[in-house]
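# Breakdown of the fold
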Amino acid sequence: MKWAISDASRASEVVRGVRALANKTDMERVPLDVNDIVREVIALVQRELISHSISLRTELAPDPPMILGDRVQLQQVMINLVMNGIEAMEPVTDRPRELVIRSGQDDAQRIRVSVTDCGAGISHEDADRLFKAFFTTKSAGMGIGLSICRSIVEAHGGRISASRNRGAGATFQFVLPFHQEDAL
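### Description of the side chain of Q75
- With respect to the element layout, Q75 can be found in helix α3 (residues 71–88).
- Sequence-distant contacts of Q75, that is, excluding residues within four places in its chain, are made with I37, E40 and V41.

### Looking at the confidence of the model for the protein
- Residue-level pLDDT values for the protein average 81, and 72% of them are 70 or greater.
- Element-level pLDDT for the protein is lowest in helix α1 (residues 2–23), with a mean of 54, against a maximum mean of 97 in strand β2 (residues 55–59).

### Things to note about the environment of G169
- Position of G169 relative to the elements: it lies in the loop between β6 (159–164) and β7 (170–177).
- With 81 residues separating them in the primary sequence, G169 and A88 have C-alpha atoms 7.9 Å apart.

### Some points on the pairing of β6
- Sheet topology note: the β6/β7 ladder contains six bridges and is antiparallel. Residue pairing across strands places R159 opposite V175, the latter belonging to β7.
- Hairpin remark: β6 followed by β7, antiparallel, with five residues in the connecting loop; positive phi at G169, about 95°.

Calculation rules
Residues numbered from 1 in each chain as written. Predicted model: local features only at pLDDT ≥ 70, side-chain atom pairs only at ≥ 80, totals over all residues. Heavy atoms only, no water. Helix = DSSP H or I, 4+ residues; strand = E, 2+ residues; numbered from the N terminus. Contact = heavy atoms within 4.5 Å. pLDDT = per-residue confidence, 0-100. Pairing = 2+ DSSP bridges.

Quick look at the structure:
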């Protein structure tokens, strides 16, 4: 029991620290191309994709408007979503394992980025709780990764969500506002 309290305290400190980092007004915000962030993350997780026999498909919008953000924090969001997708497909043996990353624009002058897996999926009940601190669907999960993602995305003026796919798997998506110069 003592180790559980210790782990919970440590996780709480991590969440608190990352939220403080994500909400700092002086975080490095520069104009970014979201497709560049996606490509950089793909390079970082390539070994994981190969070792888990997962094919990757990208459907990136040509020349998307720039966003204003912190490159490292947004990379962390993407890495977390991609790694979660990889883990979700671990038990899949009866179909190809494919991860799809898409970028595009919506009608509200926002950039949309999604990560779709073909794993077990998520229940409708869990979809609403996934981004709350300490909620996890993983046996060894701490329940802080998606909470941190939410904090970072919201600090960038965006929103993050998850949904069950019609077929197998789940889609995690976030939207971020255009950089003001591009929105005009």
